[in-house]
Amino acid sequence: MIRVLVADDQALVRAGVRMLLQATGDMEVVGEAEDGAEAVRLAERHLPDVVLMDLRMPRVDGLEAIRRVLAARPGARIVVLTTFAEDGNVYAALRAGAVGFLVKDDEPERMVDAVRRAAAGEQLLAPSVLRRVVERFLAAEEQAAGPAAPPGLTEREIEVLALVGTGLSNAEIAEELHVGVTTVKTHIAAAMDKLGLRNRIQAAVVAHRTGLVDASFRPVRQPRGGSSG
């Protein structure tokens, strides 16, 4: 059962999301918050797997709530739920630690799918959006040191990290490498843990910054370091 917390200042939105998710049979809405401060308290109390977080809320806004929730519960997967889809909002939310972005007028099936994918550790951005977000991250870090191999990763973890950087899903990476999806998840989790990363967007940025993916979003086939495994 996927445990979900819904944070939105509109009662009708919260009620609609609750009805939609609980009708699936594999999700439970464990709490509803009407502002960011309450979202943080409920996340600490109920330990949700996924948090659907509005950005525009009173008292504590969604961006600050994302930071506080992840500080208290690093394993939570936060999906931004908003009416605003500008790139700046995407960038700010992902930089705060969110794993994806949903617009409130998306189809209901997309929200259900997004919650399942977030709980499974999947990426929730289309490749075209991922490209823009990665480019903005890299531009913000242009004063940083040049490319260097991610430290401490095995060759397989480097290979998987590169494919994450191209925007492939776990299933697509598994097909590319001729391994199981569970194996891909294991390698991604290990790489992110070693590198201290919170989400796949940050992993994609590292893949680009360290030269594992080129400017055309294609993997560079020769790893620049790491140990065998």
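Bear in mind that the values here come from a model prediction, so they are computed numbers and not experimental data. (Residues numbered from 1 in each chain as written. Predicted model: local features only at pLDDT ≥ 70, side-chain atom pairs only at ≥ 80, totals over all residues. Heavy atoms only, no water.)

### A few points about the confidence of the model for the protein chain
Reasoning step 1: Mean pLDDT for the protein chain: 85, with 88% of residues reaching 70 or above.
Reasoning step 2: The model gives residues 143-147 a pLDDT under 50, and that stretch makes four contacts with residues more than four places away or in other chains. (pLDDT = per-residue confidence, 0-100. Contact = heavy atoms within 4.5 Å.)

### Brief notes about the environment of lysine 185
Reasoning step 1: By the element assignment, lysine 185 lies in helix H9 (residues 181-195).
Reasoning step 2: Lysine 185 sits 63 residues away from glutamate 122 along the chain, and the two C-alpha atoms are 9.1 Å apart.
Reasoning step 3: Contact partners of lysine 185, with chain neighbours within four places excluded, come to Ala120 and Asn170. (Helix = DSSP H or I, 4+ residues; strand = E, 2+ residues; numbered from the N terminus.)

### Thoughts on the pairing of strand E3 (residues 50-53)
Reasoning step 1: Neither face of E3 is left uncovered, since the one carrying Val50 and Leu52 and the one carrying Val51 and Met53 both have all their residues buried.
Reasoning step 2: Where E3 meets strand E4 (residues 77-82), four bridges bridge the pair, whose relative direction is parallel. Of the residues in E4, the one forming a bridge with valine 51 is isoleucine 78.
Reasoning step 3: After leaving E3, the chain enters helix H3 (residues 62-72) and then returns to the sheet as E4, a path that is right-handed. (Buried < 20%, exposed > 50% of the residue type's maximum accessible area, 1.4 Å probe, protein only. Pairing = 2+ DSSP bridges. Right-handed = clockwise from strand over helix to strand, strands pointing away.)

### Some remarks on unusual backbone geometry
Reasoning step 1: For arginine 59, which is not glycine, the phi torsion reads 65° and is therefore positive.
Reasoning step 2: Looking at the element boundaries, arginine 59 is found in the loop between E3 and H3.
Reasoning step 3: Positive phi values are uncommon outside glycine, yet phenylalanine 217 reaches one of about 65°.
Reasoning step 4: Along the chain, phenylalanine 217 turns up in the segment after helix H10 (200-209).
Reasoning step 5: The class of phenylalanine 217 is buried, set by a relative accessible area of 10%.

### Thoughts on the sheet that holds E4
Reasoning step 1: Read across the sheet, five strands follow the order E2-E1-E3-E4-E5 without closing on themselves; strand pairing throughout is parallel. With partners counted over all chains shown, the strands left at the sheet margins are strand E2 (27-33) and strand E5 (100-103), one partner each. Between one strand axis and the next, the sheet turns through 25° on average, direction left out of account.
Reasoning step 2: Along the sheet, helix H5 (residues 108-119) makes contact with strand E1 (2-7), E2, E3, E4 and E5, crossing E3 at roughly 135°. (Axes fitted to C-alpha atoms, helices over the stretch in contact; angles between N-to-C directions.)

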